[in-house]
Amino acid sequence: MEIIMKSIGERIRNRRKELHLTQTDIRAACGISSGALSEIENGNRTPSVIIFHALSEVLQCSMDWLATGESPNTEVLSSLASEDSKSNTENELLKGFRQLDQDDQEELMGLLALKLRKVKRDNRKPETLSNSQALPDTYLKSAE
């Protein structure tokens, strides 16, 4: 696996913009000097591990994802959120989920698990999802 600084910088910039954060917001939260974030985002500077961790916290994503563009659940997310099949509702859900803090994300995942158990118990498929959008079995298993 090749880690390319320019790609890391692009992921940092895109995620920052997705969260509607400015470079000033990031610099203040991470304690980095003026201009350093721009250099990182342009792939001209490598952040220290401490700054890299702070960036992942502020951007609400894993260090794995920042470094490689992949995370342990990338495969599942890719199948759920592929550009071809994402609806506006799914986009809104994903965007909103990413703006929540860790506790709220865990609470939401708990609610999802409860709903999936109910669907499985009633032995029916969710009515609002087409077959191409149905949740994979891994979500149903984790809800048991």
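The structure contained in this document is the topic of the report that follows. Because the structure is predicted, anything quoted here is derived from the model rather than measured. (Residues numbered from 1 in each chain as written. Predicted model: local features only at pLDDT ≥ 70, side-chain atom pairs only at ≥ 80, totals over all residues. Heavy atoms only, no water.)

**Things to note about a nonpolar patch on the surface**
A cluster of nonpolar side chains, namely Leu108, Leu111 and Leu114, defines an oily patch on the protein surface of about 270 Å² accessible area. Tracing the sequence through the fold places leucine 108 in helix H8 (residues 102-121). Take leucine 108: its relative accessible area is 37%, and that puts it in the partly exposed class. (Patch = residues over 30% accessible without salt bridge, like charges linked within 9 Å, V, L, I, M, F, W, Y side chains within 5 Å. Areas by Shrake-Rupley, 256 points an atom, 1.4 Å probe, with all protein chains shown as cover. Salt bridge = Lys/Arg side-chain N within 4 Å of Asp/Glu carboxyl O. Helix = DSSP H or I, 4+ residues; strand = E, 2+ residues; numbered from the N terminus. Buried < 20%, exposed > 50% of the residue type's maximum accessible area, 1.4 Å probe, protein only.)

**Some remarks on unusual backbone geometry**
The phi dihedral of histidine 20 falls on the positive side, at around 60 degrees, and the residue is not glycine. Structurally, histidine 20 can be placed in the loop between helix H1 (5-18) and helix H2 (23-30). Here glutamine 60, not a glycine, exhibits a phi torsion of approximately 55 degrees, which is positive. Positionally, glutamine 60 belongs in the loop between helix H4 (49-58) and helix H5 (63-68).

**Concerning the environment of asparagine 42**
For asparagine 42, the position within the fold is in the loop between helix H3 (36-41) and H4. Of note is the side chain of asparagine 42, whose polar atom sits 3.0 Å from the backbone oxygen of serine 38. (Polar contact = N/O pair within 3.5 Å; in protein donor to acceptor, adjacent residues only side chain to side chain.)

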